[in-house]
Amino acid sequence: MAKKEKTTEENLVIVESPAKAKTIEKFLGKDFLVKSSFGHIRDLAKKDFGIDLEHNYQPQYVVSEDKKEVVKELKSLAKSAGVVWLASDEDREGEAIAWHLSEVLDLKQDKTRRIVFHEITKDAILRAIDTPRDIDTNLVNAQQARRVLDRLVGFELSPVLWKKVKPSLSAGRVQSVAVRLLVEREREIFDFKADSAFRVSAVFTISNNGKKSDFKAELNHRFKTLDEAREFLNKCVGADFEVQSVVKKPSVKTPAAPFTTSTLQQEAARKLGFSVGQTMSVAQKLYEAGKITYMRTDSVNLAKSAVSAVVASIKSELGDEYVKVRQYKTKAKGAQEAHEAIRPTYPDKSSVTGSAQEQKLYDLIYKRTKASQMSDALIEKTTVNISVNNEKYQFVANGEVVKFDGFLRVYIESSDNEEDEESASFLPPMKEKDSVDLKKLESRQRFSQKPARYSEASLVRKLEELGIGRPSTYAPTISTIQQRGYAVKEDRPGTPRAYQFLWMEKGDIRHEEKTEMANAERNKLFPTDIAMVVNDFLISYFPNVVSYDFTAKVEQEFDEIAMGKVEWQKAIDDFYKPFHHQVEETLEKSDRTTGERILGEDPKTGKPVSVRIGRFGPMAQLGSSEDEEKPRYAPLTREQHIETITFEEALKLFDLPRDLGTYEDKKVVVGVGRFGPYVRHDGKFASLKKGIDDPMTIDLPRAIELIEEKRERDNKKTIKTFEEDKDLQVLNGRWGPYISYKKKNYKIPKDQEAAALSYQDCLKLVEEGDKTKKTKKVTATKTTGVKKSTAKKKSGSTGKKKSTASAAKTKSKSAK
DNA sequence: CAGTGAGCGAGCTTCCGCTTGACTT
C-alpha cells in the first residue's frame, strides 16, 4: 500500500526480521524504505550434498522455496533504489546473509553499504548509517565453512546410521552431542547406588522474658546405622541443651544478569512450567507486538537508553538506595552478541495486554531486567550451636535475616535444586550459655540423590555451557531429538521405598518403618534404547565428531578463517579427508548394530531369550530365526531398557497377551502393542494409563474401568451419526467439530452449528471439500507431507502438547 | 492407530542457523 509512493525511494535498508524493519523505518523517516529478508535467503541444495567435492568444496546454493517471493520483491526494489543498505546482524550468519543478498540481488558495490548495530534504538541506527563498511569476506567464509561442515557431517553420518542401525535416523554436530549427554546421564543413573544416612532434627524452645519461641535445628553429624541413631536419640532424652555459640555473619546477594534465550527458557520452565518451544513462541508474540526486544540472543547487554529508563523507574518507585547500575559480561562460550539482552522495549511499562501466557512471560522479563540494575540484598546469617550434655556432636540452627532487600524486592531467581530452599528461617534472639528445651526430636533415614535427569531447559543450559548450538536452534534441537525417537519427555511416578523413622514420644524413642515414593520425575527427557545404540555406535566409530569439544575446536578454526589466517576450503579439507575415510571404513567393516543381548534359555522350551532393537523399536525375542518354528516377539515396556532388563523380566513379557476374563459376555484381553499397553474388549482398544497401570498385574475391575472410560470419551467425540449412512459422522476433534466420511475428514464452516447439520448438509460439505481438494493440487501434495510428519510426532509423547499449542495459535489468530 | 519384528528390495530418510507464517483432524 505504502509501497507505491515509495518506488522512487533513494534508500533501501534490508534487515533480517520484519518486526525490526517496522521499528527501524520509524527512526529513519521517509527517505528510507526498510524491508526484511526473513533470515537466510539461500541454502545448500538438498540433492547431491549441495557441495561439489570434486571442485574444492564449491557450495551449490539455491534460493529457498519459501524465499522466492521475498527475493523477487527485494530484487525489484533494489533495482530502483539509489543505495542499498545491508543491515543484517553483526555476526557470522548475519554477514553471510548480507553477502548472499548482494549476490542474489546482483548489487553493485558502489551503491551498496553494509551497516551494523547491536540495539534497535534511534541513536544506534543513525550512528550505523554514518559509519558504513564493506562486507567482511573473511567472516562470510567462516560461515560457509560452518555451513559446509555441518552438511558434510550430517549428510555423511546419517546414511551410515540408516544402513547400520535403522532407517530415517539422523546424526549431527549438535544433536548427537545432545543425545550423548542424555545417554551418559542415564547410565550414571543405572549405575547409581543410593547411600543412606540418618539425619537428626530437633525443635527447641527458648524463653525470653516469659515469651516462648520455637526454632529448628539439625545435628552436625549423620549416623550410618539405625542403631547408632537410636543410641544418640536416647542420650538426648532428658539431656541438658545449652547454646554454645551465636555467630553472625553478613552476606550479600547479587541479582542475575538480564535474560538471554537460554536463561529465559530455564526460568520460564521453572517458574511458569513452559517448554522451551512454548517460551519461544510466546516471546515471539511479545516481540512482534513491539513489547520486548529480540528473543534469540546470547548477550546480557542492555542499551544505555534502556538502563537509564530502568534506573529512573526504580528511583521513582523505590528510591535512590535501590539503584545500582551494573554492566554484565557474558559467560557463554562462543557468544556472538549481535543483539541486546531480552528486555522490555519500554522498561517502565510494568505490564502488557495479551494472553495470560504473554503477560506472565512479560512480567518475568520486566522484573528480571529491573532487578539487574538494583542494589545487592544485605543478609545477616546466624549460626547457633547447641550442645547436648557433653556429647561431641552438636545441633546447629541456621537463621537468615534480610537487612536490606535490594533487588529481592523485585525478583528472585529460582533454582533447579529444591533442597536449597529448606534451610533459611528466622531465629529468635539467643546468647551464649542460654539453656533451651527440647520440644521435638526425630531421625529419618535419608537416601543420597541420584544424578538428575535433564529437562528440556537444563539440557539447553548444558549445551550452551559447552558452546554447542545457538539461541535460534536450542528449541528446534530439543524437538528434533524427540522427533527422531532419541528421547521422550515424560513424567515417571517413581517407586515405593522403605525408610526407617525414629522419634521421641513421652520420653521414649520409638521406631517405625515407613514408605516414600522415590525417584519420581516430572517433565524430564529420557533417552530411548535407540539413542543408546546410536550413541555407542557413533562413539566407537566417530569419537572425534561426538566429542564434547568438537564444536569448540571447529569454532577455533572458524575464528582463524574469520581473521583471514586460514582459507576455508583448506580447513574443511583437513577435516573431511580423514572423516570421509572413517565413514567408508565404517560402512565396510562395522556390523549392523541392534544392541542385542542374549539373556538366557527359556526353562520350558530351551529356546534362547534375547533383546534387541527391532524394526519397531526395542523388543524381546523367544527362539532364534534359524529354528523351524517362528520365534515369538514382544515389545519392551517404556520403562524397560535393553541394557538393564533381566532374564526374568524379559521372560515375563511372553505371558502377554493375558486373558483377564469376560465383561458383558465378551473376552477382556491385556497386551502390549505398537502404541503401548492396551486392553482389548469387543474389538475395541483402550490404552493403559502411563505410570499407573501395569499390564502384568492389572486386574479385571480396573480393565473394565478403562473400557468404560474409553466408551465415555468415544461418546463425547461423536456429535451426530446418521441412519442413512453409517460412514458419515460429525465428530469432535482437537480443532472443534468436523465431518468424517469414508476415512476422510472435512471442515465445517464457522457459521454453522455442528449439532444442527442434517444428512443433506453434511453431504454438501463433503462434496465441496472434495472439490477444493482437487483445485489445490499443489497444496494437496504438500498436505500429505505434513500429515506424515504429524503422524510421526504423535507417536512421541510431545505430540499432544504440540498440537494443543498450535490449536491455541489458530484460535488467537481467528479471534483477531 | 492396534499388536508387526523382511533372504525380491523401489525410493525415501538426513545437517545447522537465519527468519516467519501456514493450517491442520
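Up top is the structure these notes are about.
Heads up: these notes are all about the structure in this document.

Criteria and thresholds
Residues numbered from 1 in each chain as written. Chains lettered and ligands numbered in written order. Predicted model: local features only at pLDDT ≥ 70, side-chain atom pairs only at ≥ 80, totals over all residues. Heavy atoms only, no water. Axes fitted to C-alpha atoms, helices over the stretch in contact; angles between N-to-C directions. Helix = DSSP H or I, 4+ residues; strand = E, 2+ residues; numbered from the N terminus. Left-handed = near helix turned anticlockwise from the far one by under 90°. Contact = heavy atoms within 4.5 Å. Nonpolar A, V, L, I, M, F, W, Y, C, P; charged D, E, K, R; others polar. Phe/Tyr/Trp six-rings, centres within 6.5 Å; stacked < 30°, edge-to-face > 60°. Lys NZ or Arg CZ within 6 Å of the ring centre and 35° of its normal. Expected span 1.5 Å × (residues − 1). Buried < 20%, exposed > 50% of the residue type's maximum accessible area, 1.4 Å probe, protein only. Polar contact = N/O pair within 3.5 Å; in protein donor to acceptor, adjacent residues only side chain to side chain.

Side note on the packing of helix H12 (residues 456–465) against helix H13 (residues 474–483)
Pairs of packed helices are described in terms of their axes, by the angle between the two and the distance that separates them.
Part 1: At their nearest, the axes of H12 and H13 sit 10 Å apart, and the two run at 120 degrees to each other. Once H12 is placed against H13, the crossing between them reads as right-handed. Where H12 abuts H13, its residues Glu456, Leu459, Val460 and Glu464 lie against Tyr474, Ile478, Ile481 and Gln482.
Part 2: Its residues assigned to classes, the contact of H12 with H13 comprises five nonpolar, one polar and two charged.

Focus: the packing of aromatic side chains
Part 1: In total, this model carries 21 aromatic pairs according to the counting rule given.
Part 2: Look at Phe32 and Trp85: their rings are 6.2 Å apart centre to centre, the planes differ by 50 degrees, and that puts the pair in the tilted class. In this pair, Phe32 is assigned in strand E2 (residues 32–36) and Trp85 in strand E7 (residues 83–86), connecting sequence segments 53 residues apart.
Part 3: Relative to Phe395, the ring of Phe241 has its centre 6.5 Å away and its plane inclined at 65 degrees; by these criteria the two rings are edge-to-face. Here Phe241, found in strand E11 (residues 241–253), pairs with Phe395, found in strand E13 (residues 394–404); they are 154 residues apart in sequence, far enough to count as distant.
Part 4: The structure contains a cluster of three or more aromatic residues connected by ring pairs, namely Phe204, Phe215, Phe223, Phe232, Phe241, Tyr393 and Phe395.
Part 5: In this arrangement the basic side chain of Arg151 is found over the ring face of Phe155, its NZ or CZ atom lying 4.3 Å from the centre.

Quick word on helix H6 (residues 175–191)
Part 1: With 17 residues, H6 should reach 24 Å at 1.5 Å per residue; the first-to-last C-alpha distance of 25 Å fits that figure.
Part 2: Residues of H6 that are buried: Gln175, Ser176, Val177, Ala178, Val179, Arg180, Leu181, Leu182, Val183, Glu186 and Ile189.
Part 3: Summarising the contacts, the buried residues of H6 are in contact with H12, H13, strand E15 (487–492), strand E18 (521–527) and helix H14 (529–541).

Thoughts on the side chain of Asp150
Part 1: The residue Asp150 is located in helix H5 (residues 137–164) in this model.
Part 2: You can call Asp150 buried: its relative accessible area is 17%.
Part 3: Side-chain polar atoms of Asp150 contact the side chain of Arg173, separated by 2.6 Å.

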